[in-house]
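# Notes for the structure review
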Amino acid sequence: MGAPAPAEPPDPAAPGLLEVGRVTRAHGLGGEVAVELWSDLTARLDPGAELSLGDGTVLVVRASRPHQGRHLVAFEGVADRGAADGLRGEVLLAPPGELPGALWVHELVGAEVVATDGRHLGTVEAVEANPASDLLVLDDGHLVPLRFVVGHDPGRSVTVDVPDGLLEL
């Protein structure tokens, strides 16, 4: 399976789109903005990529480059600092990415968790970041490291192969 893609919670105002980043500030005088990308899919900032705002506005990436832990992005139609300042604080939305074998947080939350022996273990309430392995937070408070996920049906179920005793505390 692999580690989950970063948390990209669904935005209720834009069904089917995920929050993938935020414009933090304008950069320079030519309309560039600094973007904090919340996704490992840097292709979301490739020239020609489309990102949406909560009001439905679609921004098309003209150019981007990494810069000091963020990305400097130029959008089509954003030609000066004033226009760039108008984007400050905007959350950027995009459709879910296609990564074979990836576990997406929005597909895990609400899914039924089933052990390989068929036992129902609960429902995923959240995915918690953890340095060793991100954790499924179940509705009864139990935590299941993602390293034990052996299969999933996106949005419906997660199959886990947990060691004996893990859920007995």
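Residues numbered from 1 in each chain as written. Predicted model: local features only at pLDDT ≥ 70, side-chain atom pairs only at ≥ 80, totals over all residues. Heavy atoms only, no water.

## Some thoughts on the overall build of the protein
Here is the rule we go by: Numbering of helices and strands runs from the N terminus, with a helix taken as a DSSP run of H or I at least four residues long and a strand as a DSSP run of E at least two residues long. The buried label goes to any residue with under 20% of its type's maximum accessible area, the exposed label to any with over 50%, and the partly exposed label to all in between, with areas taken from a 1.4 Å probe on protein chains only. Only heavy atoms enter the contact rule, under which two residues are in contact if any of them lie within 4.5 Å.
Counting secondary structure elements, the protein contains two helices and twelve strands. Along its sequence from the N terminus, the protein presents helices and strands in the succession β-β-β-β-β-α-β-α-β-β-β-β-β-β. The 169 residues of the protein split such that 42% are buried. In the protein, the proportion of contacts linking residues at least 24 apart, taken out of those at least 6 apart, comes to 51%.

## Quick word on the pairing of strand 8 (residues 120-128)
Threshold: Strand pairing is defined by DSSP finding a minimum of two bridges between the two strands.
Relative to strand 8, strand 7 (residues 112-115) runs antiparallel, the two sharing three bridges. The residue of strand 8 that forms the bridge with Val-113 is Gly-122. The antiparallel hairpin formed by strand 7 and strand 8 contains four residues in its connecting segment, where Gly-118 sits at a positive phi of about 95°. With four bridges connecting them, strand 8 and strand 9 (residues 135-138) associate as antiparallel partners. Across the sheet, Val-124 pairs through a bridge with Leu-138, a residue of strand 9. Joining the antiparallel neighbours strand 8 and strand 9 is a turn of six residues.

## Quick look at the sheet that holds strand 8
Short version of the rule: Interaxial angle, 0 to 180 degrees, is taken between N-to-C directions of lines fitted to C-alpha atoms, where a helix line uses only the stretch in contact.
If you trace the six strands from one edge of the open sheet to the other, you get 10-9-8-7-12-11, paired in mixed fashion. Since the sheet does not close on itself, it has two edges, and those belong to strand 10 (143-145) and strand 11 (149-153), each with one partner. Direction aside, neighbouring strands of the sheet carry axes that sit 35° apart on average.

## Some details on the pattern of salt bridges
So the rule is basically this: The working definition used for a salt bridge is a side-chain nitrogen of Lys or Arg within 4 Å of a carboxyl oxygen of Asp or Glu.
In total, this model carries five salt bridges according to the counting rule given. A salt bridge links Asp-85 to Arg-81; the shortest N-O distance between them is 3.9 Å. On the criterion of helical spacing, the pair formed by Asp-85 and Arg-81 is a turn pair, its members being four residues apart in helix 1 (residues 81-85). Residue Asp-85 is classed as partly exposed on the basis of its relative accessible area, which comes to 31%. Taking the shortest distance from any N to any O, the salt bridge between Asp-85 and Arg-88 comes out at 3.4 Å. Taken together, the salt bridges that share partners define one network made up of Arg-81, Asp-85 and Arg-88.

## A few points about the pairing of strand 11
Sheet analysis places strand 11 next to strand 12 (residues 157-160), joined by four bridges and oriented antiparallel. Of the residues in strand 12, the one forming a bridge with Asp-153 is Ser-157. The turn linking strand 11 back onto strand 12 is made up of three residues, and Gly-155 within it adopts a positive phi angle of 80°.

## Quick word on the nonpolar core
The condition is simple: Here, the term nonpolar core denotes a set of buried Ala, Val, Leu, Ile, Met, Phe, Trp, Tyr and Cys residues that are joined through side-chain atoms within 4.5 Å.
In terms of nonpolar packing, the biggest core is built from 20 residues, with Val-33, Leu-51, Val-73, Phe-75, Leu-87 and Leu-92 touching the most fellow members. For this core, the element with the most residues is strand 1 (residues 18-27), which contributes four residues. With sequence-adjacent residues up to four places away left out, Phe-75 is seen in contact with Val-33, Leu-51, Leu-59, Val-60, Val-61, Arg-62 and Leu-87. Among the nonpolar cores identified, the runner-up in size contains 17 residues, and Leu-138, Leu-146, Phe-148 and Val-160 belong to it.

## As for the side chain of Ser-133
Here is the rule: For this analysis, a polar contact is any N or O atom pair within 3.5 Å, provided that within protein one partner can donate a hydrogen and the other can accept it, and provided that sequence-adjacent residues contribute only side-chain to side-chain pairs.
The topology assignment puts Ser-133 in the loop between strand 8 and strand 9. According to the relative accessible area criterion, Ser-133 is buried, its value standing at 14%. Polar contacts involving the side chain of Ser-133 include one to the main-chain amide nitrogen of Arg-147, which spans 3.3 Å. The contact partners of Ser-133, leaving out residues within four places of it in the chain, are Pro-145, Leu-146 and Arg-147.

## Describing the environment of Ala-74
Tracing the sequence through the fold places Ala-74 in strand 5 (residues 70-75). Distance in space between the C-alpha atoms of Ala-74 and Glu-32 is 4.6 Å, their sequence separation being 42 residues.

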